[in-house]
Amino acid sequence: MEFKVIRLFVLLAATVKAQVNPEVCRYPLGMTGGQIQDEDISASSYWSESTAAKFGRLDIGGGDGAWCPDIMSEPHGLKEYLQVDLRSLHFITLVGTQGRHADGMGNEFAQKYRIKYSRDGSNWVSWQDRKGQQVIEGNRNAYDVVLKDLEPPIIARYVRFMPVTDHSMIVCMRVELYGCEWLDGLVSYRFVSFFSSDDLTDGTWGLDDFLHSQIYGVWPGYDYVGWSNRTFPKGYVEMIFDFDHVRNFTSMKVHTSNMFSRGVRVFRQVTCFFWSDSEWEPGPITFRPTPDRVSQRARFVTVTLGDRTAKTIKCRFHFSDVWMLFSEVAFQSGSAVYNTSMGPGKHPKNPLTVDDPTHKVDDSNTRILIGCLVAVIAILSAIIVIMLWRQVWQKMLEKASRRLLDDDLTARLAIQNRAFAFRHSSLSSDSGSTSNSTYERIYPLCADYQEPSRLIRKLPEFAHSAENLSKPHTSGSDGAPHYAEADIISLQESSDGSIAAANMTPFTGTDSSLREFPREKLSFKEKLGEGQFGEVHLCEAEGMQDFLDEDLSVGEISESLLLVAVKTLREDANKNARNDFLKEIRIMSRLRDPNIVRLLAVCVDTDPLWMITEYMENGDLNQFLTKIFFLFGALSYTKLISMAAQIASGMKYLSSLNFVHRDLATRNCLVGKNYTIRIADFGMSRNLYKGDYYRIQGRAVLPIRWMSWESILLGKFTMASDVWAFGVTLWEILTLCKEQPYSQLSDEQVIENTGEFFRDKGKQVYLPKPPCCPDSVYNDLMLSCWRRNAKQRPSFQEIHAQLLLQQF
Ligand code: AMP
């Protein structure tokens, strides 16, 4: 039996003169203003307490600056959402989104997102535009607000913002909703488009010729939904309208085409039934419009419903020609009626029905004109915003350069460099001072991590938390995706499938380096240093060789004892530090290269957590070179180049995995016997925004003197920015770490210099050629690492090859 029912969930309208006008109904609903309470903002997940849902308020942020989902908890983060409960139905015409800026410390945003909405919290509808597109273009940076007109608007109580992301992207959002409350008495009537299976109160009526549309670029007949009598043998189309609650209805208006020249006519008859409590009431209302065989104009047909009470209305529209085409249906109701006991006898038996063929609520030309004006205004506003943005950007850079980067800076720096007195800063008493610190403390430290020792190095430990300005970008200099630690974990995951990326324990992986080593078999010898997570100890490990892979040949084995370095997580470490410690373990366990420090085993079954790595007898390269210089004078150039080549080789390996280290420097390279170099310290390559939390919680320190201009200004960390850092590392090596890079510049000046790299007007200051460095190495290698265009920087493969040549 061919019988089609169209069921529409319709929201209602009441009997006042005003009409919800999408152009006017654009009031912020209270994410920024605070009218929306914290408890009404929820999320599928959040990365940490400080990025919980309640921080997803546009222009406010709070906490760590935005809501950030824990995308690790769900593959690809596809189902993550930030939900706003408006407590009552709202007509929502516009949404605004913003990323996590956190005063320049954050750079995560959603480039794309979707919206879902619901009226009851259980039935969710995906918003889509008039072309069926669900994905909305979101933000391009972390700070600008991007507004999106919801065309069509929605009526909902609950709205979900769902970032669309791939697994390598970290997103954070702040949002606002704009519209007005959907109140009884607020509107006279609204129109329900049949285009969507859900109601669409879009206020767009079809034109007289249904083959044309008010919307540009859509298909003929777009504004209408139509039925052919061939598929409705009963001769009518039945529609059921569900309302939010029981109301008494005064009328229904149907906007319909009457293009009889094309076989389309106003319906011959409509019969409406009313369901108020538990049954269809007797006494349906029937109305027959006067046939119009003269005018082909589209029109509203008004059906008086005689104040009938109902929560659901069922109407049967009878064909009078081959086609029936509707573009909108609107209901008018009186104030809400909650007493559903009104019997049918109370309804007028013969309601007054009105055919209203001339009732064209809106003149289509006017609407088009208004549309054009709005478009022109929008374009002009966009141009103004772009111009303002450019000005702000210019100003920022101007400011950056004003203080120092005058024309004579290069000369001054060069002169000062010549006058550098030898200064072993790591041994000097002021080694922890800001100007001498290896890392620049941009933000105050808090107690999450303990203050590291400043004796051995100048704040070396903050390498780990010297986190990045912003989120990782997804492509390296070669356009290939690159991976932070989370990514490499998933990279590896795909090969063995055994590791949960987000949950680092228990260690069930097959990696031998992840094997639990009995603590009691470690005996403490001396403290080697202190890192972000805790102290590093030299220990003797008994029976360690049983734990080692065959390919390992580390340390000094005397009988059954092996010297190892044990990195500890301090016992008062917070959850973030603990997770990062475990992540560093996870990363290291996956890296196998002669120039990458090797993880041997772990002690993680009980606290405190320890990681056992191979012992590198000569400590870190920075100390080593300084010490060597002190004790024995300069090393041969060939030795220095061979050490640089080993670093390049280790980096070549990392880049083959698309792994970005982010903190390459001599302080993060360890020296073993015979000048063997291994790259260490993968703490910083932690997921970027994770690292941001350290910063926001007060631990932020950035290795700005090693960072590329785009890492500082744009928060972009790529293989090419590692190459930049390699150039600085090479410079350190060839100057025997006698001084800090750009030691004559304050932190601010270094950042200003970064602005000059960006501007590329020839005012940028390069590190000078080290005395022992041949011109060719300086010009062809070192300077090429600092090319403004990341794509023009050499790859680690090329660097490695070039350095090998240098050794002969
Ligand atoms: P980290 O926490 O990795 O920055 O380590 C702090 C310091 O401990 C380093 O600067 C080194 O001097 C020392 N250290 C770390 N790991 C080792 C190791 N495997 N062998 C020797 N010394 C190490």
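If you're wondering where the values come from, they're calculated on a predicted model, not measured in any experiment. (Residues numbered from 1 in each chain as written. Predicted model: local features only at pLDDT ≥ 70, side-chain atom pairs only at ≥ 80, totals over all residues. Heavy atoms only, no water.)

Student: How should I be thinking about the site of the ligand in this particular structure?
Tutor: By nearness alone, 17 residues border the ligand, and Gly531, Lys567, Glu614, Met616 and Asp620 come closest of all. With respect to the ligand, the side chain of threonine 613 contributes an N or O atom lying 3.3 Å from a nitrogen atom. In the model, an oxygen atom of the ligand is placed 3.1 Å from a nitrogen or oxygen of the glutamine 623 side chain. Here the ligand loses 96% of its free accessible area of 470 Å² to cover by the protein chains. (Near = heavy atom within 4 Å. Polar contact = N/O pair within 3.5 Å; in protein donor to acceptor, adjacent residues only side chain to side chain. Areas by Shrake-Rupley, 256 points an atom, 1.4 Å probe, with all protein chains shown as cover.)

Student: Can you walk me through a nonpolar patch on the surface in this structure?
Tutor: Where nonpolar side chains cluster on the molecular surface, the patch consists of Val376, Ile379, Leu380, Ile383 and Met387 and spans about 480 Å² of accessible area. Tracing the sequence through the fold places isoleucine 379 in helix H1 (residues 364–402). Accessibility expressed as a relative area gives 53% for isoleucine 379, which makes it exposed. (Patch = residues over 30% accessible without salt bridge, like charges linked within 9 Å, V, L, I, M, F, W, Y side chains within 5 Å. Salt bridge = Lys/Arg side-chain N within 4 Å of Asp/Glu carboxyl O. Helix = DSSP H or I, 4+ residues; strand = E, 2+ residues; numbered from the N terminus. Buried < 20%, exposed > 50% of the residue type's maximum accessible area, 1.4 Å probe, protein only.)

Student: Could you clarify how one ought to interpret the pattern of salt bridges in this entry?
Tutor: Scanning the entire structure with this criterion turns up 22 salt bridges. For aspartate 38, the salt bridge is made with arginine 57, and the minimal N-O distance between the two is 2.8 Å. With a gap of 19 residues between them, aspartate 38 in the loop between strand E2 (27–28) and strand E3 (41–43) and arginine 57 in the loop between E3 and strand E4 (82–98) connect regions that are remote in the sequence. On the accessibility criterion, aspartate 38 (37% relative accessible area) is partly exposed. Glutamate 530 is the partner of lysine 527 in a salt bridge, and the nearest nitrogen-oxygen pair spans 3.1 Å.

Student: Could you clarify how one ought to interpret unusual backbone geometry in this entry?
Tutor: For residues that are not glycine, phi is negative in most cases, and the peptide bond is trans in most cases. In this model, glutamate 151 is joined to proline 152 through a cis peptide bond whose omega is 10 degrees. One can find proline 152 in strand E8 (residues 146–164). A cis amide bond, omega -5 degrees, links aspartate 607 with the succeeding residue proline 608. Residue position: proline 608 is located in the loop between strand E22 (599–603) and strand E23 (610–614). Phi at aspartate 59 is positive, roughly 65 degrees, even though this residue is not glycine. You can see aspartate 59 is positioned in the loop between E3 and E4.

Student: Teacher, can you tell me more about the packing of aromatic side chains here?
Tutor: What characterises a pair of aromatic rings is the spacing of the ring centres plus the angle enclosed by the ring planes. According to the stated counting rule, one finds 15 aromatic pairs in the structure shown. With a centroid separation of 4.9 Å and an interplanar angle of 75 degrees, the aromatic rings of phenylalanine 317 and phenylalanine 326 are classed as edge-to-face. On the basis of relative accessibility, which here comes to 0%, the residue phenylalanine 317 falls in the buried class. Lying across the ring of tyrosine 81, arginine 160 places its NZ or CZ 3.8 Å from the centre. Seen from the ring of tryptophan 706, arginine 667 lies directly overhead, with NZ or CZ sitting 4.0 Å from the centre. (Phe/Tyr/Trp six-rings, centres within 6.5 Å; stacked < 30°, edge-to-face > 60°. Lys NZ or Arg CZ within 6 Å of the ring centre and 35° of its normal.)

Student: Where do I start with the pairing of E8 in this structure?
Tutor: Two faces, one strand: in a regular strand the side chains alternate between the faces of the sheet. Bridge count between E4 and E8: 11 bridges; the pairing is antiparallel. Bridge pairing links histidine 90 to alanine 156 in E8. (Pairing = 2+ DSSP bridges.)

Student: Hey, could you run me through the state of the cysteines in this one?
Tutor: As used in these notes, a disulfide is a covalent bond between sulfur atoms, one from each of two cysteines. A complete count under the given rule lists 3 disulfides for this structure. Shown here is the disulfide that connects cysteine 25 with cysteine 180, its sulfur atoms set 2.0 Å apart. Between cysteine 25 and cysteine 180 the disulfide shows an S-S torsion of about -110 degrees. By sign, it is left-handed. Here cysteine 25, found in the loop between strand E1 (5–9) and E2, pairs with cysteine 180, found in strand E9 (residues 174–181); they are 155 residues apart in sequence, far enough to count as distant. Comparing cysteine 25 with cysteine 180, the two get one shared label, buried. Here cysteine 272 is linked by a disulfide to cysteine 315, with a sulfur-sulfur distance of 2.2 Å. Between cysteine 272 and cysteine 315, the disulfide has an S-S torsion of 110 degrees and is therefore right-handed. Residue cysteine 272 is found in strand E13 (residues 269–275), and its partner cysteine 315 is found in strand E15 (residues 299–318); the two are separated by 43 residues along the sequence. Assessed through its relative accessible area of 0%, cysteine 315 is described here as buried. Counting only the cysteines that form disulfides, in the order they appear in the protein chain, gives the pairing 1-4, 2-3, 5-6. Here cysteine 772 stays unpaired: no disulfide links it, and the sulfur of cysteine 773, its closest cysteine neighbor, is 6.4 Å away. (Disulfide = S-S within 2.5 Å.)

Student: Would you mind showing me how to read the side chain of serine 721 here?
Tutor: Considering the arrangement of structural elements, one finds serine 721 in helix H10 (residues 719–734). With a relative accessible area of 5%, serine 721 lands in the buried category. Here the side chain of serine 721 touches threonine 718 through a polar contact of 2.7 Å, landing on its backbone nitrogen. Discounting chain neighbours no more than four positions away, the residues touching serine 721 are Ser708, Glu710, Ser711, Lys716 and Arg793. (Contact = heavy atoms within 4.5 Å.)

Student: Can you walk me through the pairing of E22 in this structure?
Tutor: The element E22 is extensively covered by neighbouring structure, given that 5 of its 5 residues are classed as buried. Here E22 runs beside E23; their pairing, made up of 4 bridges, is antiparallel. Following the sheet pairing, alanine 601 is matched in E23 by isoleucine 612. Connecting E22 to the antiparallel partner E23 that follows it, the hairpin turn spans 6 residues.

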